[in-house]
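Chain and residue survey
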Number of protein chains: 2
Amino acid sequence: MVAGCLTVKLSPELLQRFAASGIRLTKQREEVFGLLLQKRDHPTATEVFLRAKKHMPSISLATIYNCLDALVDWGLVKQVNLDRAPTRYCANLQEHSHFYCESCGAISDVDIPFDGRWDLPPGFIVAHAEVSLKGLCAKCSAERFVRDGSTGAGGVPAQYPKTKTPNQKRHS
Amino acid sequence: MVAGCLTVKLSPELLQRFAASGIRLTKQREEVFGLLLQKRDHPTATEVFLRAKKHMPSISLATIYNCLDALVDWGLVKQVNLDRAPTRYCANLQEHSHFYCESCGAISDVDIPFDGRWDLPPGFIVAHAEVSLKGLCAKCSAERFVRDGSTGAGGVPAQYPKTKTPNQKRHS
DNA sequence: AAGCCTTTTTAGAATTATTCTTGATATTGT
DNA sequence: ACAATATCAAGAATAATTCTAAAAAGGCTT
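Structure report, in brief.

Definitions and limits used
- Residues numbered from 1 in each chain as written.
- Chains lettered and ligands numbered in written order.
- Predicted model: local features only at pLDDT ≥ 70, side-chain atom pairs only at ≥ 80, totals over all residues.
- Heavy atoms only, no water.
- Helix = DSSP H or I, 4+ residues; strand = E, 2+ residues; numbered from the N terminus.
- Buried < 20%, exposed > 50% of the residue type's maximum accessible area, 1.4 Å probe, protein only.
- Contact = heavy atoms within 4.5 Å.
- Areas by Shrake-Rupley, 256 points an atom, 1.4 Å probe, with all protein chains shown as cover.
- Pairing = 2+ DSSP bridges.
- Axes fitted to C-alpha atoms, helices over the stretch in contact; angles between N-to-C directions.
- Salt bridge = Lys/Arg side-chain N within 4 Å of Asp/Glu carboxyl O.
- Phe/Tyr/Trp six-rings, centres within 6.5 Å; stacked < 30°, edge-to-face > 60°.
- Parallel < 35°, antiparallel > 145°, perpendicular 65-115°, else oblique.
- Left-handed = near helix turned anticlockwise from the far one by under 90°.
- Nonpolar A, V, L, I, M, F, W, Y, C, P; charged D, E, K, R; others polar.
- 1 Å grid on protein atoms, 1.4 Å probe; cavity = no way out; pocket = protein on both sides within 12 Å on 5 of 7 lines; lining within 4 Å.
- Points joined across faces, edges and corners; volume = space filled by probe spheres on them.
- Disulfide = S-S within 2.5 Å.
- Expected span 1.5 Å × (residues − 1).
- Polar contact = N/O pair within 3.5 Å; in protein donor to acceptor, adjacent residues only side chain to side chain.

1. Comments concerning the overall build of chain A
Check the secondary structure of chain A and you find 5 helices and 5 strands. Ordered by position from the N terminus, the helices and strands of chain A form the series α-α-α-α-β-β-β-β-β-α. In chain A, buried positions account for 40% of the 172 residues. Within chain A, contacts between residues separated by at least 24 positions form 44% of all contacts whose residues are at least 6 apart in sequence. If you sum the accessible surface of chain A, you get close to 9500 Å²; carbon and sulfur atoms cover 54% of it.

2. Looking at the sheet that holds strand β3 (residues 96-101) of chain B
The strand order β4(A)-β3(A)-β5(B)-β5(A)-β3(B)-β4(B) describes an open sheet built from 6 strands, whose pairing is mixed. With partners counted over all chains shown, the strands left at the sheet margins are β4 (107-111) of chain A together with β4 (107-111) of chain B, one partner each. For this sheet, the mean inter-axis angle between neighbouring strands, taken without regard to orientation, is 30°. Packing against the sheet, helix α5 (residues 138-148) of chain B makes contact with β3 (96-101) and β5 (125-136) of chain A together with β5 (125-136) of chain B, and its axis sits at approximately 30° to β5 of chain B.

3. Considerations on the pattern of salt bridges
In the structure shown here, the tally under the stated rule is 8 salt bridges over all chains. Residues Lys134 of chain A and Asp83 of chain B are paired through a salt bridge, measuring 2.7 Å at the closest nitrogen-oxygen approach. Here the residue Lys134 of chain A occupies a position in strand β5, and Asp83 of chain B occupies one in the loop between β1 (78-80) and β2 (88-90), the pair thus bridging two chains. Grouping residues by exposure puts Lys134 of chain A and Asp83 of chain B together as buried. Salt bridges linked by common partners bring Lys39, Asp41 and Arg51 of chain A together as one network.

4. Some thoughts on the packing of aromatic side chains
Residues and elements named next belong to chain A. Counted according to the given criterion, the structure contains 2 aromatic pairs over all chains. Judged by centre distance (4.8 Å) and plane angle (70°), the rings of Phe99 and Phe124 are edge-to-face. Residue Phe99 is located in strand β3, and its partner Phe124 is located in the loop between β4 and β5; the two are separated by 25 residues in the primary sequence. Accessibility assignment for this pair places Phe99 and Phe124 in one class, buried.

5. A word on unusual backbone geometry
Phi at His42 of chain A takes a positive value of approximately 60°, unusual for a residue other than glycine. Relative to the elements of secondary structure, His42 of chain A occurs in the loop between α2 (27-38) and α3 (45-55). You will see that Asp83 of chain B, though not glycine, has its phi angle at about 50°, which is positive. The buried category is assigned to Asp83 of chain B, whose relative accessible area is 16%.

6. Here we look at the packing of helix α3 (residues 45-55) of chain B against helix α4 (residues 61-73) of chain B
Residues and elements named next belong to chain B. Axis separation between α3 and α4 bottoms out at 9 Å; the angle between their running directions is 115°. When the axes of α3 and α4 are compared, the pair comes out roughly perpendicular. The hand of the α3/α4 crossing is right-handed. Note on element contacts: α4 touches α3 through Leu61, Ile64, Tyr65 and Leu68, opposite Ala45, Thr46, Val48, Phe49 and Ala52. Considering only residue class, the contact of α3 with α4 consists of 8 nonpolar, 1 polar and no charged.

7. Focus on empty space enclosed by the protein
Residues and elements named next belong to chain B. Across all of its chains, the model carries 3 cavities of 30 Å³ or more by this definition. One number sums up the size of the second largest cavity: a volume of about 50 Å³. Together, Leu36, Lys39, Arg40, Asp41, His42, Pro43, Tyr89, Cys90, Ala91, Asn92 and Asp109 line the second largest cavity. Each residue belonging to the lining of the second largest cavity can be placed in one class, and the counts come to 5 nonpolar, 2 polar and 4 charged.

8. Here's the deal with the state of the cysteines
As enumerated under the stated definition, the model contains 0 disulfides over all chains in all. Free of any disulfide, Cys140 of chain A has its nearest cysteine sulfur in Cys104 of chain B, 3.6 Å distant.

9. A few points about the pairing of β4 of chain B
One ladder, built from 5 bridges, connects β3 of chain B with β4 of chain B; its direction is antiparallel. Looking across to β4 of chain B, one finds that Ser97 of chain B is bridged to Val110 of chain B.

10. Some thoughts on helix α2 (residues 27-38) of chain B
Under the 1.5 Å per step criterion, the end-to-end length of α2 of chain B is 16 Å for 12 residues, consistent within 8% with the ideal 16 Å. Buried within α2 of chain B are the following residues: Glu30, Glu31, Val32, Phe33, Gly34, Leu35 and Leu36 of chain B.

11. Overview of the side chain of Asn92 of chain A
Residues and elements named next belong to chain A. Its location among the elements puts Asn92 in the loop between β2 (88-90) and β3. Given a relative accessible area of 13%, Asn92 falls into the buried group. Of the polar contacts made by the side chain of Asn92, one reaches the backbone nitrogen of Gln94; its length is 3.0 Å. One polar contact links Asn92 to Asp109, side chain to side chain, over a distance of 2.8 Å. Ignoring any residue separated from it by four or fewer positions in sequence, one finds Asn92 in contact with Arg40, Lys78 and Asp109.

Encoded structure:
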C-alpha cells in the first residue's frame, strides 16, 4: 500500500553510500530525508509528517519519528532544539549554528560556529546568545583515562574514547 | 498551614529589592529561591519540589512551577535547557554558559561565554559545542526599523526595541 | 518462487514535562 | 475589618514523544 513517487530523488552517490553501509533505505526514510533536503526550513516532526502525507497518505507520525531518529543516528540529519519548543530537523551537515527570529519564528542557519564572531547575514540582530557545551567533566575524564591507561595530558582530541553510556536515550 | 523555617535566609539587600519593586515575596518563592541559591546544581522543577517538600510538606509541584516562572520573569533565575531534557534552573546571574557531562550528567557553569575560548576548569573535555542565537532576522529587523522610523544602520544595540510579541508563551 | 528471518511500519496506548483551571487562601490598601 | 487583588493547591488537561504489539516488507537461501 505504498503511495506514488517520492518528493525528491536522492543522488546516486547517496544511494550508493546507503547500500555500502548496510543501511536499509526504505521508501519512508527516503521520503523523509528527501523532504528535509528539499525544503530546508527546519521543520518539526509534525510538519514533516504533514508534508510526507501528501505523497504517502498512509504514513504515520510514529514512522516519521522512527525515520528521523534513524537519519539522526546515521549522521545525515541534525536535531535543532531551541528552548522547549518541539525538536526541529535539519539536513545541513556543515558545522553551523542556528538563529531564531523572535519576531517571525524563522530559524536560519548561521555559518562558522565560533571563532570570534558569527557570519551573520546583514540585517540580523542578535539579542541573546547561548552556548551549550557537552563532553566530560574533570572527574569523569580522569576516571576514563585511568581506566584506559591514557595519560590525560593536554591536547586531547574532541572525540574522546566512547564507552557504553548506561541506558541513555537518544537526546539526553 | 505554613511550615517551619526556610532553608536559606535571603540577604536583607535582596529583600529590600523585592519590597521596592512591588514583587510579592511569598514564603514559597523565598523557599524555592533559597534552595536554588544554596545548592547550585541546576535542579529540575521536580528536584526543587522534592527538596522544598522537606521544609514545606504542603507545597505542590504546580506551585514550584509558578515560583520558578516568577523568579525567571524577575530575572533572578535562569532556565537551562539541554536538548529535550527537563528544564533546569540556575541562580547564577552572571553571564555564563553550561557544560553537560555526557558521562555523569552533571551540569557545570562555565565562565565567560564567548570571546575566543571558554574558561574551562582543567580536565574538562569538550566533545560537542552548540551555539544558539536569538534576535531579529533581516526581514523582521527591517520591518521594525521602518515602523519605528529608525535608520537601521550598523552599530545597532543588542537590545532592540521590543514590541509586543503576539501571544508568545514564556519559552517559545 | 517458497519459506524463513529480520527489520520496519503502523495504530494506538502510554509516558512525561508542563500548563491550565478552579476554588481556596493569603496579602495589601483603605 | 473589608474589599480588591494576587497567589496557592489539586487535579485535570495538553502536547511532544516513546513504547508496544501485530502486520507488512525486504532479503537470503534453497
